[in-house]
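# Coordinate inspection notes
Chain residues, written in single-letter form:
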Protein chains: 2
Amino acid sequence: MNIDKYGNFSDWYNEIIKVAELCDLRYNIKGFIVIMPWAMKSIDQIYKFYDAEMERTSHLPAFFPSLIHEKSFGAEKEHVAGFVPEVLWVTEAGDKKLEERYALKPTGEAGIYPMYALWVNGLSDLPIKIYQKGWVWRHETKATKPFIRGREFLWIEAHDVFATPSEASAQVAEDAGMAKTVIWGKLGVPFIMFRRPQWDKFAGADNTFAADTLMPDGKVLQVASTHLLGQHFSKAYGIKYTDAKNEPQFAWQTCYGPGVNRIYAAMVAVHGDNRGMVVPYDAAPIQVAIIPILRKGNEGKVLAEAGKIETALSGIARVKLDTRDQSPGFKFNDWEQRGVPLRIEIGERDIANGSAVLAVRDTGKKENVKIADLNSAITKAGAELGARLASSASERFLKNLDTAKSADEMARKIDEGKMVKVPFCTDAKEGEACAKALKEKHSCDIRGTVFTFFNSEKCEFESSDKPHGEKCVSCGKPANAHVYVARQY
Amino acid sequence: MNIDKYGNFSDWYNEIIKVAELCDLRYNIKGFIVIMPWAMKSIDQIYKFYDAEMERTSHLPAFFPSLIHEKSFGAEKEHVAGFVPEVLWVTEAGDKKLEERYALKPTGEAGIYPMYALWVNGLSDLPIKIYQKGWVWRHETKATKPFIRGREFLWIEAHDVFATPSEASAQVAEDAGMAKTVIWGKLGVPFIMFRRPQWDKFAGADNTFAADTLMPDGKVLQVASTHLLGQHFSKAYGIKYTDAKNEPQFAWQTCYGPGVNRIYAAMVAVHGDNRGMVVPYDAAPIQVAIIPILRKGNEGKVLAEAGKIETALSGIARVKLDTRDQSPGFKFNDWEQRGVPLRIEIGERDIANGSAVLAVRDTGKKENVKIADLNSAITKAGAELGARLASSASERFLKNLDTAKSADEMARKIDEGKMVKVPFCTDAKEGEACAKALKEKHSCDIRGTVFTFFNSEKCEFESSDKPHGEKCVSCGKPANAHVYVARQY
């Protein structure tokens with residue numbers, strides 16, 4: 001392929017999905033896709049990265065049912081109002097109508113928290129830090145887009161319960177830390193985690209914190225979110241403990257949802273180039289493809305040597321010897337489109353020299369490497385490629401952050417594909433009118449105040465970046481927050 | 001706990017689930033359970049073992065939707081008839097009735113094979129070897145039992161497509177090999193994989209091969225099955241390739257379903273003892289629990305030394321220092337019930353001696369080990385425990401295989417908790433009447449002819465163990481097969 005990623009992202013993305021065989025859109029239920037092996041292998045890798053982070057932060061895995069009883073939904077009023085419009089309902093079994101309806105879970109709270117109410121009694125039952133891998137269903141009415149918006153998507157949800165609000169706040173910071181380790185550290189995808197405005201928070205939360213990355217078309221994609229639930233759900237579901245004074249207390253909760261599908265989409269979009277995918281070394285299904293350069297008569301010899309290299313490398317990398325009955329050119333192109341980070345080419349002349357050619361996906365550079373040195377060369381080249389991808393993604397991301405003093409300046413910069421920081425009257429409920437006015441005129445969304453950056457350790461529940469004497473870009477009244485504005489997916 | 005596992009298995013199993021906190025049965029939809037962390041960690045381990053086997057056998061992961069369009073179900077007539085009675089149907093979205101019904105998949109075929117029909121064109125598209133991890137839903141009418149029979153269960157399904165029937169047969173043998181590596185090799189659970197009689201095969205298959213293990217109450221539990229689908233589905237869904245002569249040919253298929261829930265149940269049941277679980281070393285969420293023996297005034301010193309041991313062991317084992325505010329006796333009992341393979345006890349006197357106490361869960365033996373030698377002692381003791389569990393499980397399993405010449409002898413031995421091999425008129429369709437007669441009189445089931453044993457490399461599509469001049473235990477006519485009979489879950 002050869003499509004300008006920045007000039008024509010939508011075509012680029014659709015073509016990548018085809019040539020790298022990431023998913024099949026022909027499944028016969030609208031909004032449901034088949035995830036194909038090349039994507040699934042990287043997605044499994046993302047799950048592994050998160051498993052390690054969940055273990056590091058003392059989260060335990062569990063499994064809660066996919067179906068939620070209709071009566072469990074009703075307990076938290078804002079939550080049910082937020083989710084019910086897109087719930088898929090199971091109403092029949094075999095040829096019988098069920099006496100009650102079951103929701104295919106759009107998110108886990110209403111299934112999980114009635115259990116937590118049974119599990120939490122005393123202080124010694126806290127904290128609960130539990131997560132579940134799996135998928136959820138939302139009957140989206142917006143247009144679907146593979147891995148970005150679908151009616152069924154892969155994710156992780158962690159649901160934590162604490163005795164105090166300060167522990168809950170600390171959890172939100174820890175959740176942001178996990179996102180930094182995986183999304184930025186492992187996959188090289190930069191993001192800002194915002195505190196969302198009150199009118200854009202998770203249904204039933206006190207506050208929502210969400211990580212937005214910037215896609216090549218200048219639109220932002222939310223890849224993970226974590227929510228300070230306060231005591232809304234603990235009161236609704238009766239999650240309470242007896243404190244040291246023998247008094248009943250409602251617990252403080254958080255929930256965290258990295259969107260595995262979307263993290264994958266961001267990884268594909270941020271690192272790919274006009275010729276295809278470029279997969280960060282750590283997440284690549286195949287890290288090294290070995291292409292034998294065969295000529296009539298030398299096949300046995302070359303394949304034997306290539307096989308030896310495959311065996312030698314298999315302890316340190318995910319490696320694949322490509323023995324398909326295709327030309328080297330076809331294979332080069334195929335692995336390039338799929339974004340395999342490193343390629344080894346080996347033919348008769350190389351063998352005579354005791355060397356092989358090592359080609360690097362992102363730079364396109366090729367070098368001769370002694371076969372005896374391949375292991376160290378691969379490890380080094382893989383790490384360097386990962387660092388290069390992250391560094392150029394970070395540079396691009398930061399370059400596309402800008403500021404504006406007026407709505408027009410903001411809109412012009414958003415049109416250039418930027419996230420723009422502006423003075424805004426407030427990010428609390430009453431700012432909604434200002435946000436609506438901006439959206440109507442410039443089709444843009446308030447992302448919120450900065451909670452933390454991908455490459456920073458600091459988390460700010462209340463942003464210290466306050467306007468001084470500036471005016472809200474929407475209503476012109478005195479501003480009291482700096483918020484980022486962008487177009488969103 | 002102290003319950004006679006063999007004398008009263010049902011109570012034992014229910015109690016284990018409570019004291020080891022394996023699942024919570026109070027979820028408010030019948031037949032749906034919450035799997036708690038202690039079980040989920042081992043289940044994740046079982047998935048990892050299977051991931052490695054799938055990789056070894058060149059299977060690739062993919063994700064197919066959870067919902068199947070009603071019209072896709074209808075294609076294979078036997079399949080639809082077999083599964084539709086227990087399908088859960090999604091019929092509404094938000095507050096609207098859907099125009100079509102979607103099945104929550106009870107098994108993947110009807111969702112996957114229409115896609116395969118699109119993917120397979122030429123010989124170069126074959127073989128397809130794809131698997132999916134996840135869960136499925138069947139609205140069982142039989143009584144449910146945690147991890148053994150539920151309306152939602154965790155499994156793996158592999159769906160393979162070949163150009164020839166011999167490749168498909170080889171796949172069935174490979175599937176059996178994966179079961180041997182994981183279920184027997186990693187978890188020490190013995191089984192026989194049978195070729196099921198024709199009347200008990202998977203809906204839509206030519207032949208079903210299923211692995212049965214023996215539970216402590218003498219009933220068998222099917223833990224995995226693999227099916228020779230022949231061309232039934234390829235004809236129904238149009239999965240065909242153009243052969244070397246440019247002729248269209250229908251493909252040959254297999255599908256394989258290890259029941260992860262059930263494998264876990266078998267592991268719990270086979271290895272536990274009257275005092276609780278005993279988890280094989282490889283599958284244990286925590287392999288080594290460290291219990292500090294604290295007395296007033298020495299807490300800091302003992303905890304510091306215990307912490308050093310935890311750190312030293314953490315590279316070679318999943319280890320947990322138990323710092324809960326509970327007595328050592330409480331902790332011993334708690335970890336014993338949960339089946340942690342090894343326990344280290346360390347107090348002030350041990351530290352003075354430069355040693356710690358190493359206790360082994362299954363034998364109950366304790367020994368003093370120099371702290372400097374703990375790493376090697378742990379590795380050795382873990383491996384020995386695994387080998388001991390497997391060896392005693394194998395011995396018990398083989399001791400409970402028996403033979404009989406008459407229905408009465410058979411029934412008596414089944415009452416003793418055995419699987420009994422008997423001469424039988426046939427295992428093809430016409431034997432069904434004989435099977436029904438036996439079931440009515442003795443509530444037992446024909447498991448089939450032996451395909452392979454857990455500890456054997458031989459697979460027999462047609463059993464060589466033929467009767468000579470013996471008579472069917474049911475009808476008295478000349479027998480032409482030796483089949484095993486048992487009570488089943």
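Residues numbered from 1 in each chain as written. Chains lettered and ligands numbered in written order. Predicted model: local features only at pLDDT ≥ 70, side-chain atom pairs only at ≥ 80, totals over all residues. Heavy atoms only, no water.

### Some thoughts on the overall build of chain A
Along chain A, the regular secondary structure elements total 14 helices and 23 strands. On C-alpha atoms alone, chain A measures out to a radius of gyration of 25 Å, which is about the 23 Å that the 2.2 N^0.38 rule sets for 489 residues. Each principal axis of the C-alpha atoms in chain A carries an extent, and together these give about 80 × 55 × 50 Å. Burial analysis of chain A (489 residues in total) assigns 62% to the buried set. The long-range fraction of contacts in chain A, counting pairs at least 24 apart against all pairs at least 6 apart in sequence, stands at 69%. Of the roughly 19200 Å² that chain A leaves accessible, carbon and sulfur atoms contribute 50%. Chain A carries 65 positive and 64 negative side-chain charges, and their two centres are separated by 3 Å. (Helix = DSSP H or I, 4+ residues; strand = E, 2+ residues; numbered from the N terminus. Rg over C-alpha atoms; globule rule 2.2 N^0.38 Å. Buried < 20%, exposed > 50% of the residue type's maximum accessible area, 1.4 Å probe, protein only. Contact = heavy atoms within 4.5 Å. Areas by Shrake-Rupley, 256 points an atom, 1.4 Å probe, with all protein chains shown as cover. Lys, Arg positive; Asp, Glu negative; His and termini not counted. Charge placed at Lys NZ, Arg CZ, Asp CG, Glu CD.)

### Re the sheet that holds strand 17 (residues 342–346) of chain A
All names here are of chain A. Taken in spatial order, the five strands of this open sheet run 16-15-17-18-19, and their pairing is mixed. Of all strands in the sheet, those with a lone pairing partner are strand 16 (319–321) and strand 19 (366–370), marking the two edges. On average, adjacent strands in this sheet sit at an angle of 25° to one another, irrespective of strand direction. As paired elements, strand 18 (residues 355–360) and strand 19 share five bridges and run antiparallel to each other. Pairing of Ala356 across the sheet is with Val369, part of strand 19. Against the sheet, helix 10 (residues 328–338) engages strand 15 (288–292), strand 16, strand 17 and strand 19, with an angle of about 170° to strand 15. Across the sheet, helix 12 (residues 374–399) is in contact with strand 15, strand 17, strand 18 and strand 19; its angle to strand 18 comes to roughly 10°. (Pairing = 2+ DSSP bridges. Axes fitted to C-alpha atoms, helices over the stretch in contact; angles between N-to-C directions.)

### What about the pattern of salt bridges?
On inspection of all chains with the given rule, the structure shows 73 salt bridges over all chains. Between Asp212 of chain B and Arg447 of chain B there is a salt bridge whose closest N-O contact spans 2.8 Å. Linking Asp212 of chain B in strand 10 (residues 207–214) with Arg447 of chain B in strand 22 (residues 445–453), this pair joins segments that are 235 residues apart in sequence. Here Lys418 of chain B and Asp402 of chain B are joined by a salt bridge, their closest N and O atoms 3.1 Å apart. With a gap of 16 residues between them, Lys418 of chain B in the loop between helix 13 (407–415) and strand 21 (419–424) and Asp402 of chain B in strand 20 (residues 401–403) connect regions that are remote in the sequence. Taking relative accessible area as the criterion, Lys418 of chain B reaches 16% and is therefore assigned buried. The structure contains a network of salt bridges with shared partners spanning Asp273, Arg275, Glu336, Arg343, Glu345, Arg361 and Lys366 of chain A. (Salt bridge = Lys/Arg side-chain N within 4 Å of Asp/Glu carboxyl O.)

### So, the domain arrangement of chain A
Residues and elements named next belong to chain A. When the domains of chain A are assigned, the result is domain 1 (9–271), domain 2 (288–381) and domain 3 (401–488). Measuring from the centre of the C-alpha atoms in domain 1 to the corresponding centre in domain 2 gives 41 Å. The contact between domain 1 and domain 2 buries some 520 Å² in all, and 47% of this surface belongs to carbon and sulfur atoms. By the criterion of area lost to domain 2, the three top residues of domain 1 are Val19, Trp38 and Gln45, representing 74% of everything that side buries. The salt bridge partner of Glu21 is Arg338, with a shortest N-O separation of 2.5 Å. (Domains from an automatic or database assignment. Buried area = accessible area lost by both parts, 1.4 Å probe.)

### Side note on the relation of the copies chain B and chain A
When chain B is brought onto chain A, the operation consists of a screw motion whose angular component is 180° and whose axial shift is 0.0 Å, with 0.0 Å RMSD remaining. Viewed as a symmetry operation, the transformation between the two copies matches a two-fold axis. Judged by C-alpha distance, Val90 of chain B is the residue of chain B that lies nearest the rotation axis, at 2.1 Å. The overlap is high: 100% of the interface residues of chain B also sit at the interface in chain A, so the same surface is used on both sides. (Least-squares fit on C-alpha atoms with pLDDT ≥ 70 in both.)

### Quick notes on the confidence of the model for chain A
Keep in mind that low pLDDT regions are not for reading the predicted coordinates in detail. Model confidence for chain A is summarised by a mean pLDDT of 95, while 99% of its residues fall at 70 or above. Across the whole predicted complex the pTM is 0.96, and at the interface the ipTM reaches 0.95. (pLDDT = per-residue confidence, 0-100.)

### Quick word on the interface of chain B and chain A
Tallying the contact residues gives 53 residues for chain B and 53 residues for chain A. Each partner contributes to the roughly 4900 Å² buried at the junction of chain B and chain A, and carbon and sulfur atoms together form 65% of this total. Three residues stand out in chain B for area buried against chain A, namely Tyr27, Phe63 and Trp135 of chain B, and they jointly supply 15% of the buried area on that side. Put simply, chain B and chain A have five salt bridges between them. With a closest N to O distance of 3.9 Å, Lys133 of chain B and Asp44 of chain A form a salt bridge. The greatest single-element share of the side of chain B that touches chain A, amounting to six residues, is contributed by strand 5 (residues 88–93) of chain B. As paired elements, strand 5 (residues 88–93) of chain A and strand 5 of chain B share five bridges and run antiparallel to each other. In the strand pairing of strand 5 of chain B, Trp89 of chain A is matched with Glu92 of chain B.

### Here we look at the pairing of strand 9 (residues 192–195) of chain B
All names here are of chain B. A two-sided burial pattern is seen for strand 9, the buried positions comprising Ile192 and Phe194 on one face and Met193 and Arg195 on the other. Pairing between strand 9 and strand 10: four bridges, direction antiparallel. Residue pairing across strands places Phe194 opposite Ala210, the latter belonging to strand 10.

### Topic: helix 2 (residues 37–56) of chain A
Note: α-helices contain 3.6 residues per turn, so residues at a spacing of three or four share the same orientation. Between its first and last C-alpha atoms helix 2 of chain A spans 28 Å; for 20 residues at 1.5 Å apiece the expected length is 28 Å, and the two agree. At the exit of helix 2 of chain A stands Ser58 of chain A, carrying a positive phi of roughly 60°. (Expected span 1.5 Å × (residues − 1).)

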